[in-house]
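Structural features, examined
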Amino acid sequence: MEKVFHRTLAELERVFYFIEHQLVSEKVDGKAAFAVKFVVEELFTNMVKYGKGSKGDITLGIMRAGDACKVTMVDDDVDEFDITKPKEIDISQSLEERTPGGLGIYLISKIVDSIDYRYANRQSTITFTKRLE
Amino acid sequence: MFDFRQLDSGDYSFSGRLDASQTDKAERVLKSLTKSTTIDFQQLDYISSAGLGILLACQKRLRATGNGLILTNLNSYIKDIFKFTGFDKIFEIH
């Protein structure tokens, strides 16, 4: 099932409501459910942050695909930004050296089992999967 | 929805979902801290990188004066996030 959201952080409450409803109906819980919420929020907030000039909406789809949960996010009227190539973060840095920048995208790469990015006609499509346990 | 409660000891308890739309509320608490403080995560279900960012800023500020945050009762999912980011090494976690 898919749902369309406006490009604003004020939509996050509706985004989480939709995710939780879909996870229950698709019988996805535990670590996979947490991962789906985390990755969708990171991607959604990134799309809001870096797509300020866009007049397009963000479409979110969540479905069960065998022993995994498959999530697709379509971001309309945006420039290309491949989130599957995150900057490496040195997690051994001291507290003084650490900055919060890039943490979300870095974590996505650690959490998902697969992630794919496509860009065409000013539309970004991100698909990721998380295996159920 | 994120919420917090101040305990009689002066420490805090966080609950709910600390996502990017809720960081202002949590940040107000964290910015008010001036000494080492325990935050109980027992009822905190979820944290995003936006939440991690404000915890990091608070920890840096407190450490500069020899203080720090003590985080307790993290659920296993939040523990994983702290481990993946190395935050388990920069916070005191019980």
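An account of the accompanying structure is given in this report. These figures come from a predicted structure and were not determined experimentally.

All right, on to the packing of helix H1 (residues 23–32) of chain B against helix H2 (residues 49–63) of chain B then. All names here are of chain B. Their axes nearest at 10 Å, the elements H1 and H2 cross at an angle of 10 degrees. The angle between H1 and H2 places the two elements in the roughly parallel class. For the pair formed by H1 and H2, the contact residues are Thr23, Ala26, Glu27, Leu30 and Lys31 on the first element and Ala50, Gly51, Ile54, Leu55, Cys58 and Arg61 on the second.

This brings us to the environment of glycine 68 of chain B. All names here are of chain B. The residue glycine 68 is located in the loop between H2 and strand S4 (69–72) in this model. Taking the relative accessible area as the measure of exposure, glycine 68 reaches 4% and is therefore buried. With 22 residues separating them in the primary sequence, glycine 68 and isoleucine 90 have C-alpha atoms 9.5 Å apart. Those residues in contact with glycine 68 that sit more than four places away from it in its chain are Ser36, Thr37, Gln59, Leu62 and Arg63.

All names here are of chain A. Pairing of strand S2 (residues 58–65) with strand S3 (residues 68–76) involves eight bridges; the strand directions are antiparallel. Paired with isoleucine 58 across the bridge in S3 is aspartate 75. In textbook terms, the turn of a hairpin is the stretch between consecutive antiparallel strands, and for S2 and S3 this stretch comprises two residues, one of which, glycine 66, has a positive phi near 65 degrees. Relative to strand S5 (residues 123–131), S3 runs antiparallel, the two being bridged by nine bridges. Paired with valine 71 across the bridge in S5 is phenylalanine 128.

Looking now at the sheet that holds S5 of chain A. Backbone-to-backbone hydrogen bonds pair the strands of a sheet. The strands run either parallel or antiparallel. All names here are of chain A. The strand order across the open sheet formed by five strands is S1-S2-S3-S5-S4, and the pairing between neighbours is antiparallel. At either end of the open sheet lies a strand with only one pairing partner, and these are strand S1 (2–5) and strand S4 (114–120). Neighbour to neighbour, the strand axes of the sheet diverge by 15 degrees on average, direction disregarded. Helix-sheet contacts for helix H1 (residues 12–25) involve S1, S2 and S3, and the interaxial angle to S1 is about 175 degrees. On top of the sheet, helix H2 (residues 30–50) reaches S1, S2, S3 and S5; it is set at about 165 degrees to S5, its chief contact.

The contact between H2 of chain A and helix H3 (residues 76–85) of chain B brings their axes to 10 Å, and the two run at 55 degrees. Here H2 of chain A is positioned oblique relative to H3 of chain B, judged by the angle of their axes. The crossing of H2 of chain A and H3 of chain B is right-handed. Between H2 of chain A and H3 of chain B, the residues in contact are Gly30, Lys31, Phe34 and Phe38 of chain A and Tyr77, Ile78, Asp80 and Ile81 of chain B, respectively.

This part takes up H2 of chain A. Between its first and last C-alpha atoms H2 of chain A spans 31 Å; for 21 residues at 1.5 Å apiece the expected length is 30 Å, and the two agree. Extensive coverage of H2 of chain A is indicated by the burial of 17 of its 21 residues.

What follows deals with the environment of phenylalanine 34 of chain A. Considering the arrangement of structural elements, one finds phenylalanine 34 of chain A in helix H2. Residue phenylalanine 34 of chain A is classed as buried on the basis of its relative accessible area, which comes to 8%. Residues phenylalanine 34 of chain A and isoleucine 111 of chain A, 77 residues apart in the sequence, show an inter-C-alpha distance of 9.8 Å. Setting aside residues up to four positions removed in sequence, phenylalanine 34 of chain A forms contacts with Asp45, Tyr46, Ile47, Tyr77, Ile78 and Ile81 of chain B.

Rules used throughout
- As a convention, each chain's residues are numbered from 1 in the sequence order in which they are written.
- Chain A is the first chain written and ligand 1 is the first ligand written, with later ones labelled in order.
- Local features in this predicted model are restricted to residues whose pLDDT is 70 or higher, and side-chain atom pairs enter the listing and the counts only when it is 80 or higher, whereas totals over whole chains, interfaces and linings include all residues.
- Note: side-chain values were computed over all heavy atoms of the structure, leaving out hydrogens and water.
- Axis lines are fitted through C-alpha atoms, for helices just across the contact stretch, and the angle between N-to-C directions can take any value from 0 to 180 degrees.
- Think of it this way: any DSSP run of H or I at least four residues long counts as a helix, any run of E at least two long counts as a strand, and we number them from the N terminus.
- Should an angle lie under 35 degrees it is considered roughly parallel, over 145 roughly antiparallel, and from 65 to 115 roughly perpendicular; all remaining angles are considered oblique.
- Residues are treated as being in contact if the distance between any of their heavy atoms lies within 4.5 Å.
- Note on exposure labels: buried denotes an accessible area under 20% of the residue type's maximum, exposed denotes more than 50%, and partly exposed covers the range between, all computed with a 1.4 Å probe on protein chains only.
- A pair of strands is labelled paired if DSSP reports no fewer than 2 bridges between them.
- Crossing chirality is assigned from the near helix's rotation relative to the far helix, an anticlockwise turn below a right angle marking it left-handed and a clockwise turn marking it right-handed.
- Here a helix's expected span is defined as the number of its residues, less one, multiplied by 1.5 Å.

In short, shape yes, function no, at least from these values alone.
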